[in-house]
Amino acid sequence: MIVYYNYSFMPKDEVRISPDDRGFLFGDGVYEVIHAWGGQLFEADAHFARLEHSLGELRIAFRDLARLRTAMETLLLQNGLTQGPARIYCQITRGVAPREHAFPDPDTAPTIYATAEPYTPPVALWEHGVRALFVPDIRWGRCDIKSLNLLGNVLATQRAKEAGAYDAILVRDDTVTEGSHTGVCAVLDGTMVTHPLTSEILGSVTRDVVLRLCHELSIPCAERAITRTALLEADEVMFLGTTSGVMPVIEIEGQPIGAGRPGPVTRRLQEALHSRMLGGALPVD
Ligand SMILES: Cc1ncc(COP(=O)(O)O)c(C=O)c1O
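Within any chain, residue numbers begin from 1 and follow the written order of that chain's sequence. Reporting in this predicted model follows two pLDDT cut-offs: at least 70 for local features of residues, and 80 or more for side-chain atom pairs to be given and counted; totals over whole chains, interfaces and linings ignore these cut-offs and use all residues. With hydrogens and water set aside, each side-chain value is computed from the structure's full complement of heavy atoms.

Now for the overall build of the protein chain. Secondary structure elements follow DSSP: runs of H or I no shorter than four residues count as helices, runs of E no shorter than two count as strands, and numbering proceeds from the N terminus. Along the backbone of the protein chain there are eight helices and 16 strands. C-alpha atoms define the radius of gyration, and 2.2 Å times the number of residues to the power 0.38 defines the globule rule. By the compact-globule yardstick of 19 Å for 285 residues, the protein chain fits well, its C-alpha radius of gyration being 19 Å. Its C-alpha atoms give the protein chain principal-axis dimensions of roughly 55 × 40 × 35 Å. Working definition: with a 1.4 Å probe on protein chains only, accessible area under 20% of the residue-type maximum means buried, over 50% means exposed, and in between means partly exposed. Burial status across the protein chain gives 53% buried among its 285 residues. Within the protein chain, counting contacts between residues at least 6 apart in sequence, those at least 24 apart form 72% of the total. Per-residue and other accessible areas were derived by the Shrake-Rupley procedure at a 1.4 Å probe size, with only the shown protein chains allowed to occlude residues. With an accessible surface of roughly 13,300 Å², the protein chain has 51% of that area assigned to carbon and sulfur atoms. Only four residue types enter the charge count, namely Lys and Arg as positive and Asp and Glu as negative; His and the chain termini do not. Taken as the charge centre is NZ of Lys, CZ of Arg, CG of Asp or CD of Glu, depending on the residue. Within the protein chain, the 36 negative side-chain charges are centred at a point lying 1 Å from the centre of the 26 positive side-chain charges. Contacts: residue pairs with any heavy atoms within 4.5 Å of one another.

Laid out in structure tokens, this is it:
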């Protein structure tokens, strides 16, 4: 596998990262996960806008975003991923410096790393739906930054995994914020509802696309907080994300959601999003 590391393309096992890298020492960096199809990045502008936001909020001076975008396309080419679906991961840290909490010398170069791998759509899960459970949202106050610091998310995902669930639904003060690696939305009285864009959630690119699709498909939608109880009583619940697509949630904490199977709004949004993500072809189970 060919990866991109500090402006060079190289086999992954040739990458040498310093133990003084602030990503390693402090999780001091940001990342993105981008879907690609046929060698093209999906919703690239939105991902790069969010990356710029994350870098800006953490005051990491990385200015080569256009070059990084081209490098991602080259990575797809070099890894033979110009036909089907693929997934790009990239992370940028504040660079290598002796361990001290305060920022290093302003000349310290950020560390850049990116990979491209084949993506297998979770077709069976899309078809049948998944289970979820509630987990308290213990994350910090800037969840809008796609930071490498993912401990709250890691612990919640592990809880979900140990319970045999697909993802955790994070709850703060009785309000559903998002999943541990997904956005959450629900159909309440015919309206597709999702948490408003605040510092308590990540500005999910998939959430934005789905809201756009709701407008296109004349599905009423609203951005407002959902309580835990309201979510359990929803007609439909979905996880949204770059790797999850529109993922039906059919059971939370052992309670069936709606009829206990993916509902009609979920199906319409799946069809609209997944056909765009997968070059027009809808996969079948
Ligand atoms: C906490 C969190 N929320 C939401 C998402 C979904 O974001 P996107 O749709 O941009 O993949 C992710 C994706 O990694 C995430 O980690």
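A few words on the side chain of serine 244. Residue placement: serine 244 occurs in the loop between β14 (236-241) and β15 (245-252). Setting aside anything within four residues of it in sequence, one finds serine 244 in contact with Trp126, Tyr166 and Thr182.

Salt bridges are identified by distance alone: a Lys or Arg side-chain nitrogen within 4 Å of an Asp or Glu carboxyl oxygen. As enumerated under the stated definition, the model contains 16 salt bridges in all. A salt bridge links aspartate 28 to arginine 22, with the shortest nitrogen-to-oxygen separation between them at 2.7 Å. Like arginine 22, aspartate 28 is buried. Between glutamate 216 and arginine 276 there is a salt bridge, and its shortest N-O distance comes to 2.8 Å. Placement of glutamate 216 in helix α6 (residues 205-216) and of arginine 276 in helix α8 (residues 264-277) is noted, with a sequence separation of 60 residues between them. Several salt bridges share partner residues, and in doing so they unite Asp137, Arg139, Arg172, Glu178 and Glu200 into one network.

This next bit is on the site of the ligand. Not every one of the 18 residues close to the ligand is listed here, only the nearest: Arg50, Glu178, Ser204, Thr206 and Thr242. For the purposes of these results, a polar contact is taken to be a pair of N or O atoms within 3.5 Å, where, inside protein, one atom must be able to donate a hydrogen and its partner to accept one; residues adjacent in sequence count only when each atom of the pair is a side-chain atom. Here serine 204 contributes a side-chain N or O atom positioned 2.7 Å from an oxygen atom of the ligand. Take valine 205: an N or O atom from its main chain is 2.9 Å from an oxygen atom of the ligand. With the chains in place, 93% of the 390 Å² that the ligand exposes on its own is no longer accessible. Applying the majority rule of atoms within 2 Å of the grid points places the ligand in the largest pocket. Contributions of two or more residues to the shell around the ligand are made by β9 (175-179), α6 and β14. Each residue gets one of three labels, nonpolar for Ala, Val, Leu, Ile, Met, Phe, Trp, Tyr, Cys and Pro, charged for Asp, Glu, Lys and Arg, and polar for the others, Gly among them. Taken together, the residues of the shell around the ligand sort by class into four nonpolar, ten polar and four charged. Consider each residue's heavy atoms; a residue with any of them within 4 Å of a molecule or strand counts as near. A cavity here means a set of 1 Å grid points, computed over protein atoms only, where a 1.4 Å probe fits but cannot escape. A pocket is an open set with protein on both sides within 12 Å along at least 5 of 7 lines, and lining residues have an atom within 4 Å of a point. Placement in a cavity or pocket follows one criterion, namely that more than half of the molecule's atoms lie within 2 Å of its grid points.

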